[in-house]
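Listed below are the residues making up each chain.
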Amino acid sequence: MTAIDTLPQAPATPQSGLDFDAVLRTYEAVSRVLPETPAWSYPLLNAKAGVKVTVKHENVQPTGAFKVRGGVALMAALSPEERRRGVVTASTGNHAQSLAWAGARSEVPVTVVVPVGAPARKVAAVRALGARVVVEGETMCESLAHAEALSLAEGIRMVSPGDEPAIVLGHATVYLELFRRHPGLEAVYAPVGSGSGAAGACLVRDALAPGCRVIGVQSSAAPAAHRAWRSGEPATIHSRTRVAGLAVGASFTLTQSVLGRSLNDFILVDDDAIQDAVGLMATHAHTLAEGAGAASLAGLMADPTRQGPCAIVCTGGNADDHELAGISAGAGVGTDATLSC
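None of these values were measured; they are calculated from a predicted model. (Residues numbered from 1 in each chain as written. Predicted model: local features only at pLDDT ≥ 70, side-chain atom pairs only at ≥ 80, totals over all residues. Heavy atoms only, no water.)

Bringing the side chain of glutamate 58 into the picture now. Tracing the chain through its elements places glutamate 58 in the loop between strand E2 (53-57) and helix H3 (68-77). Side-chain polar atoms of glutamate 58 contact the side chain of threonine 37, separated by 2.5 Å. (Helix = DSSP H or I, 4+ residues; strand = E, 2+ residues; numbered from the N terminus. Polar contact = N/O pair within 3.5 Å; in protein donor to acceptor, adjacent residues only side chain to side chain.)

Below, the structure is given as structure tokens:
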């Protein structure tokens, strides 16, 4: 494997380096490792939504999710000593795989703390990529606390899923590709767990497409980021969602610093609506999406003010067993809906 190139360093800004110039510098590092992902529009999905929808396919990344961009960017930003000692984080799956994949390319040891209910297939994938997995905590908040304790005890770099400028900038490169290839978008719907992807969307939109609305979408069973956005105050709420990629119980200061000033709207959808969107992605867009990867479509479908052209990002394709079963259970309904259009 070839090591990931180090990221050109630049002076920090008042927003911890989160600006469009930093996105461009990060894209230099990310694009050396990861090719641009495709974005397509599908007639059946357009008919169902009533607007033209461009789907950006991050499900085709080597880990099956957009978060690998953040892993690559983070590894490129580490100091030599941090690379030697390694990093530790907490994750339900995709963030963990991103660091494990990028760490293996850069020969950086990676430790991941996962909650006891983390999807078994994602945990197995993290181990297969060479990371050390520690199962600890009933919730993500408890797993994060254990990861921080390991960081102190072992002298390794703690990597926050949300409060990491390099990761936010890495995730912003999704939207750099999208806005460059698809000018004239009226709205972009971005799923929100920690908020790193939606924050990245805002950074790029502000520079390239100021007339485009960026709309966050979150599970109503894990609404910490939504509450923080509305109140302007940090929020911690027990996550009850069955959508693993959105099971985040607390807001993050860094991502909220961007969302608070730049996000145009924020939609909450229930888990059943997200599962319906997983089915729509399969039947109307030829795409296997995990729940988090279909959340943006669920938000679009729930938005009575939607207008096109608009875009969603399929942030991941690592569907859990219950999501796969849900597609099968809803197949008949999806077929009938298609025939009636």
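Back to the write-up after that little detour.
Right, let's get into the UniProt feature "domain: Tryptophan synthase beta chain-like PALP" (unreviewed entry) in the protein chain. Mapped onto this structure's residue numbering, the UniProt feature "domain: Tryptophan synthase beta chain-like PALP" (unreviewed entry) falls at residues 35-310. Annotated as residues 35-310, this span is 49% helix and 15% strand, and its ends, taken at the C-alpha atoms, are 23 Å apart. (UniProt positions renumbered as here; feature names shortened; annotations may be inferred.)

What the rule picks out here adds up to 13 salt bridges. One salt bridge connects glutamate 177 with lysine 56, and the closest N-O pair in it is separated by 2.7 Å. With glutamate 177 in helix H8 (residues 165-181) and lysine 56 in strand E2, this pair connects stretches of sequence that are 121 residues apart. With a relative accessible area of 3%, glutamate 177 lands in the buried category. (Salt bridge = Lys/Arg side-chain N within 4 Å of Asp/Glu carboxyl O. Buried < 20%, exposed > 50% of the residue type's maximum accessible area, 1.4 Å probe, protein only.)

Attention now moves to the nonpolar core. Counting residues in each nonpolar core, the largest one holds 35 residues, and the members touching the most others are Tyr175, Phe179 and Val188. Take this core: its biggest share by element is eight residues, from H8. Those residues within four positions of tyrosine 175 in sequence are excluded, and the remaining contacts are Val188, Ala190, Gly197, Gly200, Ala201, Val204 and Val313. Counting residues in hydrophobic clusters, the runner-up holds 31 residues, among them Val55, Val243, Leu246 and Leu297. (Core = buried A, V, L, I, M, F, W, Y, C linked by side-chain atoms within 4.5 Å. Contact = heavy atoms within 4.5 Å.)

Now for the pairing of strand E8 (residues 213-219). Across the seven residues that make up E8, a large majority, six, are buried. Here five bridges tie strand E7 (residues 187-191) to E8, and the two strands are oriented parallel to one another. When the sheet's bridge partners are listed, proline 191 is paired in E8 with valine 217. The β-α-β motif built from E7, the intervening helix H9 (residues 196-208) and the parallel element E8 has right-handed crossover chirality. (Pairing = 2+ DSSP bridges. Right-handed = clockwise from strand over helix to strand, strands pointing away.)

To continue, consider H3. Taking burial as the measure, the ten residues of H3 include nine buried ones, the bulk of the element. Within H3, the full set of buried residues consists of Val68, Arg69, Gly70, Gly71, Val72, Ala73, Leu74, Met75 and Ala76.

With the rule as written, the count across this model stands at one cavity of 30 Å³ or more. The calculated volume of the largest cavity comes to roughly 40 Å³. Arg242, Val243, Asp271, Ile274, Gln275, Gly291, His322 and Glu323 together form the lining of the largest cavity. Per-element tally for the lining of the largest cavity: the top contributor is helix H12 (residues 271-284), with three residues. Grouping the constituent residues of the lining of the largest cavity by class yields two nonpolar, three polar and three charged. (1 Å grid on protein atoms, 1.4 Å probe; cavity = no way out; pocket = protein on both sides within 12 Å on 5 of 7 lines; lining within 4 Å. Points joined across faces, edges and corners; volume = space filled by probe spheres on them. Nonpolar A, V, L, I, M, F, W, Y, C, P; charged D, E, K, R; others polar.)

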